[in-house]
Structures are given as structure tokens and as C-alpha cells.
Amino acid sequence: MRTFKTALTAVFFLFSAGLFAQETETETQEEVREAGHINQNKFRQLYQEFSTPNQYRTASGAPGPAYYQNQADYKMDIELDDRNKKITGSERITYHNNSPNDLEYLWVQLDQNIRAINSPALLKDGNGIAPVTRPGSFVSEYMKESFDGGFNITEVSRDGKPLKHLINNTMMRIDLAQPLKSGESYTFDIKWWYNVNEHTVDRGRSGYEHFEEDGNNAYVIAQFFPRMAVYNDVEGWQNYQFWGNGEFALPFGNYEVNITVPADHILDGTGELQNRKEVFSKEMMRRYERAKKTYDEPVMIVTQEEAEAAEKGFSDKKKTWKLKANMVRDFAFATSRKFIWDMMAVKVGNKDVMAVSLYPKEGNPLWEDYSTKVVAHTLQSYSDHTFEYPYHKAISVHAKNQGMEYPMICWNYGRPDEDGNYSDRVKYGMMSVIIHEVGHNFFPMIVNSDERQWGWMDEGLDTFMQYIAEQEYGERYPEDIAPNEKYPSRRGEPAKIVDYMKGEQDYIAPIMSNPENVYQLGNNAYGKPATALNILRETVMGKELFDYAFKTYAQRWMFKHPTPEDFFRTMEDASAVDLDWFWRGWFYTTDYVDIALGDVKKYYITDKPTKEGIELLKRYGISDPGSLDALYVVEEGSDEMQEGMKGKTPAENAPTLKEYLMDNFTPAERQEMKMPKYFYEVTFNKPGGLVMPIIVEYTYADGTTEKVKYPVQIWRKNDNQVSRALATDKEITKIVIDPDLETADVNVDNNTWPQTKQMSEFEEFKANNQG
Ligand SMILES: [Zn+2]
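Let us look at the structure shown here. (Residues numbered from 1 in each chain as written. Predicted model: local features only at pLDDT ≥ 70, side-chain atom pairs only at ≥ 80, totals over all residues. Heavy atoms only, no water.)

1. Section: a negative patch on the surface
Right, on to step 1. A grouping of Glu213, Asp417, Glu418 and Asp419 is seen on the molecular surface, where their side chains present a negatively charged patch.
Right, on to step 2. In this structure, Glu418 sits in the loop between β24 (409–412) and α9 (424–439).
Right, on to step 3. A residue is classified by how much of its surface remains accessible, and Glu418, at 85% relative accessible area, is exposed. (Patch = residues over 30% accessible without salt bridge, like charges linked within 9 Å, V, L, I, M, F, W, Y side chains within 5 Å. Areas by Shrake-Rupley, 256 points an atom, 1.4 Å probe, with all protein chains shown as cover. Salt bridge = Lys/Arg side-chain N within 4 Å of Asp/Glu carboxyl O. Lys, Arg positive; Asp, Glu negative; His and termini not counted. Charge placed at Lys NZ, Arg CZ, Asp CG, Glu CD. Helix = DSSP H or I, 4+ residues; strand = E, 2+ residues; numbered from the N terminus. Buried < 20%, exposed > 50% of the residue type's maximum accessible area, 1.4 Å probe, protein only.)

2. Side note on the coordination of the zinc ion
Right, on to step 1. Those protein atoms acting as donors to the zinc ion are His436 (NE2), His440 (NE2), Glu459 (OE) and Glu459 (OE), and they sit at 1.9 to 2.7 Å.
Right, on to step 2. The coordination sphere of the zinc ion comprises 4 donor atoms, whose angles at the metal cover 53 to 152 degrees; the geometry is irregular.
Right, on to step 3. Taking the relative accessible area as the measure of exposure, His436 reaches 7% and is therefore buried. (Donors = N, O, S within 2.8 Å, 3.2 Å for Na, K, Ca; no water. Tetrahedral: all angles 85-135°; square planar, octahedral: opposite > 155°, others 65-115°.)

3. Details of the sheet that holds strand β16 (residues 272–273)
Right, on to step 1. With mixed pairing, the 8 strands of this open sheet are ordered in space as β5-β4-β8-β2-β1-β14-β18-β16. Looking along the sheet, the strands with just one partner apiece sit at the ends: β5 (161–162) and β16.
Right, on to step 2. Sheet topology note: the strand β2 (residues 86–96)/strand β8 (residues 185–195) ladder contains 11 bridges and is antiparallel. For Lys86, the partnering residue across the bridge sits in β8 and is Asn195. (Pairing = 2+ DSSP bridges.)

4. Describing the packing of helix α14 (residues 543–556) against helix α15 (residues 564–573)
Right, on to step 1. In the contact formed by α14 and α15, the axes pass within 8 Å of each other and the chain directions differ by 135 degrees. Judged by the inter-axis angle, α14 sits oblique to α15. For α14 against α15, the interelement crossing comes out right-handed. Residues Phe546, Ala549, Phe550, Thr552, Tyr553 and Arg556 of α14 pack against Asp566, Phe567, Thr570, Met571 and Asp573 of α15.
Right, on to step 2. Here the contact of α14 with α15 is built from residues that sort into 6 nonpolar, 2 polar and 3 charged. (Axes fitted to C-alpha atoms, helices over the stretch in contact; angles between N-to-C directions. Parallel < 35°, antiparallel > 145°, perpendicular 65-115°, else oblique. Left-handed = near helix turned anticlockwise from the far one by under 90°. Contact = heavy atoms within 4.5 Å. Nonpolar A, V, L, I, M, F, W, Y, C, P; charged D, E, K, R; others polar.)

5. Points about the sheet that holds strand β29 (residues 705–710)
Right, on to step 1. Read from one edge of the open sheet, 4 strands run β29-β28-β31-β32, paired in antiparallel fashion. Two strands close off the open sheet at either side, each with one partner strand: β29 and β32 (752–753).
Right, on to step 2. Alignment of strand β28 (residues 694–700) against strand β31 (residues 732–737), held across 5 bridges, turns out to be antiparallel. Bridged to Thr699 within β31 is Lys734.

6. Here we look at the pairing of strand β1 (residues 71–81)
Regular strands have side chains that alternate between both faces of the sheet.
Right, on to step 1. Pairing of β1 with β2 involves 11 bridges; the strand directions are antiparallel. Looking across to β2, one finds that Lys75 is bridged to Arg92.
Right, on to step 2. Counted along the chain from β1 to the antiparallel partner β2, the turn is 4 residues long, and its residue Lys85 has a positive phi close to 50 degrees.

7. Describing a nonpolar patch on the surface
Right, on to step 1. A surface patch of nonpolar side chains, about 530 Å² in accessible area, is lined by Ile129, Phe138, Val139, Tyr142 and Met143.
Right, on to step 2. Relative to the helices and strands, Met143 resides in helix α3 (residues 135–143).

8. Notes on the nonpolar core
Right, on to step 1. Of all hydrophobic cores here, the largest spans 193 residues; its most connected members are Leu106, Trp341, Trp411, Trp583, Trp586, Phe587 and Phe684.
Right, on to step 2. The dominant element in this core, judged by the number of residues it contributes, is helix α11 (residues 455–476), at 9 residues.
Right, on to step 3. Counting residues in hydrophobic clusters, the runner-up holds 10 residues, among them Leu631, Val633, Phe665 and Phe679. (Core = buried A, V, L, I, M, F, W, Y, C linked by side-chain atoms within 4.5 Å.)

9. Digging into the pattern of salt bridges
Right, on to step 1. A complete count under the given rule lists 44 salt bridges for this structure.
Right, on to step 2. Between Glu362 and Lys338 there is a salt bridge; the shortest N-O distance is 3.2 Å. Residue Glu362 is located in the loop between β21 (351–359) and α8 (366–385), and its partner Lys338 is located in the loop between β19 (333–336) and β20 (340–348); the two are separated by 24 residues in the primary sequence. Taken individually, Glu362 and Lys338 each receive the classification buried, so the pair is uniform in this respect.

10. Re the packing of aromatic side chains
Right, on to step 1. Using the criterion set out here, one finds 55 aromatic pairs in the structure.
Right, on to step 2. Look at Tyr389 and Tyr391: their rings are 5.8 Å apart centre to centre, the planes differ by 90 degrees, and that puts the pair in the edge-to-face class.
Right, on to step 3. Overall, Tyr389 belongs to the buried group, its relative accessible area being 0%.
Right, on to step 4. In this structure Tyr391 comes out as buried when scored by relative accessible area, which is 5%.
Right, on to step 5. A ring pair is formed by Phe568 and Phe587, whose centres lie 5.3 Å apart and whose planes are at 75 degrees; its orientation type is edge-to-face. Taken as a pair, Phe568 in helix α15 and Phe587 in helix α16 (residues 580–588) lie far apart in primary sequence, 19 residues in all. (Phe/Tyr/Trp six-rings, centres within 6.5 Å; stacked < 30°, edge-to-face > 60°.)

On their own, these measurements won't tell you what the molecule is for.
What follows is the structure, encoded as C-alpha cells:
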């Protein structure tokens, strides 16, 4: 048997510097203990932040055995008055109470009331006069007569008898004579009309654009009918008012919608067209049949020539388009006599889906070249990462300055100039917004999160998926991207979120905030969560673990209503990666990443007692160091450094070690051992609040490099400073933290050793102008 004692001592003293640090810390810990403290460890579990798992939602992040969701079915007749820009509608809602509770009243959402002349939303901001403003904002803020676009509710009834109801801004309570019992359904009717807003002026999510040149309007219509609120196990009734920023919370249901518009309009919307033969010409039918079998390029259903001919007229005849949709959470449509219409088929799994575009001629030539193709790509890319797109079509409608999503249909910006020219910025902006808005079919139209409460659950997940789909677009259609370039994604890459995260803390809110209460919604709900997920995928979990967990979440909550915890829990549950630290840091705080290189010290091994070594031994009651076979470390450049030590192996500097090796190992075993020449202690500081894995690239004297990833757990006991001991054959000449910029480190000036001082502009100028 080999003597164990000496072996232990060697290890013991090699890390004596670390031990000393711990000793001193213990003294301060004593003082702390007197004061007492709560657990602030960055790795503590999220028990305080998370709701308790239950029968509705389990600790694994999956729906529980008692999970339920209520359903709202709609039958609607809608008419658009194109001359007066007015929408009139009547609807029959059948609400199914699948909850275990009896409901005394029902809440209906009246989103258009945000445009009512007396809407408090008009008075919600308290930030005074902006020092800088755009002309458009200035005009709508100070120079426009107020527009009355609220709902005019003309009837709320059941079986023809008026129903008691109360309107509180954007919410309407229907008072029931008897509570709606668990498991029962309730049918009632609402009639209304409202003035359609000009979305190009008031920047609404829906409305019309007026084209001065030909006198026509293009309508993109949504939030146009009273919609049921969500009732569930986490919010009760989700009747948080619509203030404009927090989007929508909606139950699933089945829709039958008849929309009457001028006979010369082209219309498409959520759902399957029921009376195609009535509204299509024979030629359109022929083209449509061809489009269903064409997978490589869009087939024109209405050509630009035909659209231009239509926009010269104004039919006073009417046409009714009948649409039917099952298991959708909303309904929207677009209509105009200006629309060009193209479609093509795309394979999603074994199924054919139609990719569709509607656009006025003002969108060409950009729209005919890219829109439908981008829709098709988006469906395939998202389906690969989540679940197969379950609806039969996806439509991209061109509307100026719009980027807004609904089931099966969305509005997108991106318009060439009057001569049809466009820059790369316009082209990629258009492609990206189409990917984003079509992508919203997955989050939140199918994975139906509560947008009113959590903007990031749809925007963040969708922007993350958008980044992946954009990069995959470049792989699928390299001919559409500039040669040798990647698709220029605006968001997703870690370096792009740095400016936001290092910004003034007073103007940053945690991701886990209501969208109404944050300062920079774009960064808060889109950019930061998308980047966090990208970092989680690429750097923390790895693609394989992440992708499986992400898909599990999407499939578990497809056609259901997830909460943030359901997402957080599923990602852990399906991957065996503890992520509480990650969710807490990135989603519940505004901390940022800043990891810095501290001291890098070089050591030699000797068996001559050192001052520090003797002191440490004394603490352990050993007063005669000579009685012990001990190894000591000597820092390069210190007083105790001796002649000839440099560049020698430990065995060469310490006969004790050499003897030990000779006594305890055979020549063959000794041959197998590595005999490092260099010993380093590298210290990492963490000025930033977020804990992250430390990714380090070491460069050696022979020019070779080695990348090491220290797991995030390295910070678990001290989250300000940690040190690593390194034993190497080769001298280290350079150390870089996060060399590939994958962690969103806000300050890279402190990431390199030896410190390369950044030249000031003046110094650079001087250097460049000398000699
Ligand atoms: Zn979005």
C-alpha cells in the first residue's frame, strides 16, 4: 500500500493560497452571523417567485390532471361600409364553462373602446413634453381633432330579451340571472358598430390605410368584435383593462363569420372559406386549383393588372365572404379592391398548407418576390422546432408600418419607394417582420399565453424563434442573401443586447413585468428574452438539450394556456439542467453580465519552507516544518523565489516529491504521469450581477490555444471572485474571457490578460500621425 499521508499534503499545500482566503473569510462570516442574513445565494431555488404546483399545473411544467380551459364560440355577421369607413356587426357567443366553478357573471372585452373619445388610455402618460418628436407623433398628439372610434353597443340580449350589463372602459360585465354552472354553456347576442380608425395616422393595430392617388382604402381589421375574456385557474377572470401596450388574452373557440364588403373587394381572413365558388370568378378558381399543387413559386389568384383595374372603380354591390375556423383564439380579416393575391402550397409534415399574400401594388416588386416564400419558410422552420403547423393556411398582408398578428393572418410593413426601389434595410425588414408575425401563429395563437400579463411569453419566444428561422432562411435560400453573408438578424445575437443591459438602471425593468409598466418594450419583451434564450441554447444548455425541452414545452401547451412557470419548469424538467439561477438572473432582475480577469499569478513548487507555508502549518499545530514531507509554492518574483527555480518541473525543484514518486510508482506508472512545468492561479472577478459560465481561451507560448468552460456553479459559494489553479506544460501568454462574445458581457475591456489598454481616440490619432 502506498503511503497516503504525503500525497495528501502535496495537494494540501499546493492550494494553500486558497485556504488562507477561506480562513480570513470565516472571521468576517462570524460578524455577519451576528447580524443574520437571508438567503441571497444566486443558486437558491425559485420557491418564493413561483406559484405552488397543483392539480391544474404540475411541478414538471405540464398541464395537471385537473387542467381545464373555457371555450367561446362565435357566429357573426359583419358588414363594412367602405364609403363611411364603418363596421357593423352582430354576434352570437356561446360560452362553455369547463371550470369547476360556477360563474355569477361573464366578462367581455371591448378593445375598440381604447379609441373612445373619453378613454382614460388617452390620459395615461405622465411624462410631459418630449424633447424630441417625430412629425407624425406631433400631429396626432397636438394637432388632430379627437377621433371617436369606440364601440357603440346597440344590443346585449339573450333569446331576444335585454341582458343586464355594465361597461367599464374596455371591459363589459354580463350579469347572469343564475350563475353559469360548472360544465354548462351560455348563449347570448351582442350588436354593435364603430368608426374604423386610420391606422397610418394613429398607429393602431388595425384600421385602414387611405390611398390618396386612387381614393381607395385597404383595411386590416382586428379587435373588431366584443371578445370573451379568459377565465382560468391563475387569474380568475383576466379582465385587466386594455391600455394599449399589453396585448390580448383570449380563449379558444370555433368561429363562423360572414363578412359583407363591396363586391369588388378581395378579402381573406382567419378560417376556411366556405363559399369560394360564390366569391371567386371561374378564372380565380382555376388559378386556385393550380396554386394548391404548386410548391416552388406563388401562383397569382388576382394579378396586379386586375387589381389596378379594380381600384379605378367603386362597386355599390355587395358580396359576402363566409369563413369558418375551429380552435382559434381570435379572428381578423383584410379587405380592399386594391389587393393583389398570390398563394402556393407548402408541405408541413405530410400535410399541405397554403402560404398566402395580399398586397396593394404599392408593395411591389418586393412583395411578389418574397412574401409568400417567406411565409412558407417560416411555417417549415417553426414546425421543425415546435410542432407541425395545424391550420390550413397562413396569410401575410401588406399594410404600411404594421406588424401585427392574428390566427392564420398577419399585417406586415416593408414598402418600396414610388419607383419600386428598395434598400436592403427595407427588404430584410420586410422579410423579418413576416417571419415574426407568421411565427406568432405558434406563440401565442396556438401556445396561447396571456399577452396582457406577460409580453415576453409570446414576443420573446417568437423573436427567439424568428432569429433561428432567419438564420435557417439564409441556409435554405442563400441566393436571397448577399454573397458570403449571414442573414442580418436585428435581434438574437448576444452582443446586440449589451447596450440595453448596461443602460441606466432606472429605465430598465425586469422581463417579468407587465408590458404596460416597462420603459423599453422592444428590448424588455422582445430583445432581451430572445437573446437570453439564444444564450441558453448555444452556451448554457447546448442545442440538443435546449431544443428537446423547448419542443416539449410547445407540444405540452399547444392549444392550451401556459404561464411563465410552466415554461421555466418544463425547460428544466426535460433537460436535467438546473436553471433557477438563469431564470432568476435574466428574467426576474435587471442584472447584467460582466466577468473580468483579475490577477494571474505564476508559481513554482519547492520543498524549502516558505513564510506563508510555515504560518499555515502553525495554525494546524505543526511548529516544526522539518518534521513533515511538505511541498510549498513560491510566487514568481517574490522574495522567496530562488536562483534556478524558473522553468523547472516540481520534481526538479523539490527532491521530496522526486523521492515520493520513486518510492511509490513503478517506472511505467511514472512514464504515464504528466509533469507540468507551470503553475498558475487565475482569478476571475464579477462586477456584473449575473452569474454565468466562464468561457476562457488560454493561449500558450507555442501559439496553441485551449478553450475551457467553467460551469456557472463555480460562482455558487462566492459570487464576486473565484480563482482557478492551472498546471500546464507550456507557458500561458494570453487569457481571454468570452472570446466569441457569446454571453452578452457588457464590458470586454476587462476580459483580457495581459491587459491590453484601449487607446483613446487622441492616443490613436497621435500614434497614426507619428513617423
Ligand atoms: Zn410580435
